[in-house]
Amino acid sequence: MERNDLRYDCYVQILKEELVPAMGCTEPIALAYAAAKARELLGELPEKVVLQVSGSIIKNVKSVIVPGTNHWKGLEAAAAAGIIAGHAERELEVLSEVDDEERSAMSRYLDQVDITVEHIEEGHIFDIIVTEYAGEHYSKVRIADHHTEIVLLEKDGKVLYQKNVADGTGTDGGAAQTADRSLLTVEGIWDFANTCDLSDVEAVLDRQIRYNTAIAEEGLKGDYGANIGKVLLKSNGSDVRTRARAYAAAGSDARMNGCELPVIINSGSGNQGMTCSLPLIVYAEELGASREQLLRALIISNLISIHEKTGIGTLSAYCGAVSAGAGAGAGVAYLLGGDYQAIIHTVVNALAIVSGIICDGAKASCAAKIASSVDAGILGYEMYCCGQEFKAGDGIVMKGIEATIDSIGRLGKDGMRQTNDEIISLMIGE
């Protein structure tokens, strides 16, 4: 792909926009960010807090530990952490500088202040509205559709900033500065990965390698959740395939269960960011692959995962690890010498194997789902190497890679909408 190709700068920008650091599960962190921003706007400690959130936010915050706290879970804990210790300017690292005194203050605040949670559905699967009150004053912050996408700032009845969430325009006349994901195709990704100047993307990819390796190693050393990474190694040995699954799972073990190390996310998810990258890092070390080969493999994995997830949306009943596992399979295939045909068949095969995995919120079992999705990605490549494939007409497999990805997007976004509603009802006891 030539530099003057419209897609070139777009693909570079997508990687820079997507591969950003976050500490903790991104949904409670987004809530903490909104709460910190509202506290900043209010200018004083709120005496009352109202959290209005969509069902998918409830689902993804309810059961996961909020980093920087005393291993607390839930929406109230995330809001309190943001109000007491949050640094809004850090966005998804809003809770990266919490000290013991602030933890004690959080505990007192939760005991003394009324934090109310309301389930709302206003047409946005990802929707957070935080309203904070102090005396006769109040502040309101709304985040919609994306984890750091503030669409409303309001104080004491005056709208300070508002963005039309339908078309991306705001009262300041600006528009959302995001690269066009519709330009992604697997063929374009393959071309870009093989020809791009790595100096354009190596900084974000190097950071992904460092951050995600560090949290995976911590997950294997510590005691986090169900310790899926350790279980895999203890039960299956230490061959490269097992280690690839174990490292990805261990990163999730740690992240879902209170580890305060940051990760580099993909498609708004740390779990997906780790699934896209850690299996490739393990395989590259085993194979003695060059740094260039690893970086190009990471381009394939990350961009294919983003491409798959674009049609599904940020949150869904469709487990994001499935998309990332298929992307990881494609990256592993590249490292093992696979060509373009190997890549597309790996992705299709992987999606056909595990597309039934549901997302029932962020929690310890995510690590096991990641391990299964990585395994499916690797199996998808092994099938291709053995001359086997799932073909058009085999369930949701369509004719061609792009049609299959489109079908997955339709399944995850539209077909599983009612499933998502039912999962939320089960989780909150409605």
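Below you will find a few notes about this structure. (Residues numbered from 1 in each chain as written. Predicted model: local features only at pLDDT ≥ 70, side-chain atom pairs only at ≥ 80, totals over all residues. Heavy atoms only, no water.)

## What to know about the packing of helix H6 (residues 186-195) against helix H13 (residues 340-354)
When two helices pack together, their arrangement is given by the angle between the helix axes and by the axis-to-axis distance. Interaxial distance between H6 and H13 falls to 11 Å at its minimum, and their mutual angle equals 135°. As the angle between them shows, H6 and H13 are arranged oblique. The two elements H6 and H13 cross, and the hand of that crossing is right-handed. Contacts from Val-186, Glu-187 and Trp-190 in H6 reach Tyr-340, Ile-343 and Ile-344 in H13. Partitioning the contact of H6 with H13 into residue classes produces 5 nonpolar, no polar and 1 charged. (Axes fitted to C-alpha atoms, helices over the stretch in contact; angles between N-to-C directions. Helix = DSSP H or I, 4+ residues; strand = E, 2+ residues; numbered from the N terminus. Parallel < 35°, antiparallel > 145°, perpendicular 65-115°, else oblique. Left-handed = near helix turned anticlockwise from the far one by under 90°. Contact = heavy atoms within 4.5 Å. Nonpolar A, V, L, I, M, F, W, Y, C, P; charged D, E, K, R; others polar.)

## So, the environment of Thr-404
Tracing the sequence through the fold places Thr-404 in helix H15 (residues 401-415). What makes Thr-404 buried here is its relative accessible area of 2%. Taking the C-alpha atoms as reference points, Thr-404 and Asp-180, separated by 224 residues in sequence, lie 20 Å from one another. In this structure, Thr-404 is in contact with Val-348, Leu-351, Ile-396, Val-397 and Met-398, ignoring residues within four places of it in sequence. (Buried < 20%, exposed > 50% of the residue type's maximum accessible area, 1.4 Å probe, protein only.)

## Structural notes on the packing of aromatic side chains
Evaluation of the coordinates by the stated rule reveals 5 aromatic pairs. Taking 5.5 Å as the distance between ring centres and 80° as the angle between the ring planes, the aromatic pair formed by Tyr-11 and Phe-192 counts as edge-to-face. Highlighted residues: Tyr-11 in helix H1 (residues 6-18) and Phe-192 in helix H6, separated in sequence by 181 residues. Of the two residues, Tyr-11 and Phe-192, both sit in the buried class. (Phe/Tyr/Trp six-rings, centres within 6.5 Å; stacked < 30°, edge-to-face > 60°.)

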